[in-house]
Amino acid sequence: MAKRHFHQSLCTLLPAPSRPSDDISMDFIIAFLCGKDGIMVVVDRFSKMVNFITCHKCDVATYIKDLFFQEIIRLHGVSRTIVSDRDTKFLYHTFGGAYGGN
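These numbers come from a predicted model, not from an experiment. Within any chain, residue numbers begin from 1 and follow the written order of that chain's sequence. Side-chain atom pairs in this predicted model are given and counted only at pLDDT of 80 or more, local residue features only at pLDDT of at least 70, and totals for whole chains, interfaces and linings cover all residues. Heavy atoms throughout the structure, all of them, feed into the side-chain values; hydrogens and water do not.

Chemist: What should I look at first to understand the pattern of salt bridges in this one?
Modeler: As a working rule, side chains carrying opposite charge can pair if their charged atoms are close by. Here a salt bridge means any side-chain nitrogen of Lys or Arg lying within 4 Å of a carboxyl oxygen belonging to Asp or Glu. Under the defined criterion, the tally for this structure stands at four salt bridges. A salt bridge links R80 to D22, with the shortest nitrogen-to-oxygen separation between them at 3.3 Å. Of this pair, R80 sits in the loop between α1 (61–76) and β4 (81–84) while D22 sits in the segment before β1 (23–30), and the two are 58 residues apart along the sequence. R80 is paired through a salt bridge with D23; the nearest N and O atoms lie 3.1 Å apart. Taken as a pair, R80 in the loop between α1 and β4 and D23 in strand β1 lie far apart in primary sequence, 57 residues in all. Going along the chain from the N terminus, every DSSP run of H or I of four or more residues is numbered as a helix, and every run of E of two or more is numbered as a strand.

Rendered as structure tokens:
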């Protein structure tokens, strides 16, 4: 019987959220054919509630931040954490000042 080697990942498990709207994840779906060609997907990690916000793939970070505040913060309040697979520079420049970054 062959030995199986499992490599430990550099990723760590995220802590389980403790209440709604405390921890969210966000991603973008891009490349639709007409009109607005992107969707910002924001998921509440506790309740699994999803918000879909239409946008353009060429929207600048400040516009994305405004959309986020108009559609997510207005409905659910400020979350404690945002998990995204986007570059940390994008998250910092988009939400850094709003979430206490320098």
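Now, onward.
Chemist: Quick question: what am I supposed to make of the pairing of strand β2 (residues 38–44) here?
Modeler: Remark: exposure states derive from per-residue accessible area (1.4 Å probe, protein chains only) relative to the maximum for the residue type, with buried under 20%, exposed over 50%, and partly exposed in between. Of all seven residues in β2, seven are buried, a share of seventy percent or more. Side chains of β2 alternate between two faces, with G38, M40, V42 and D44 and I39, V41 and V43 buried alike. Here, a strand pair is defined by DSSP locating no fewer than two bridges between the strands. Here β1 pairs with β2 via seven bridges, running antiparallel. The residue bridging F28 from the neighbouring strand is M40, located in β2. Pairing between β2 and strand β3 (residues 50–55): six bridges, direction antiparallel. Looking at the pairing, V43 lines up with V50 of β3. The hairpin formed by β2 and β3 contains five residues between the paired strands, and K48 there has a positive phi angle of roughly 65 degrees.

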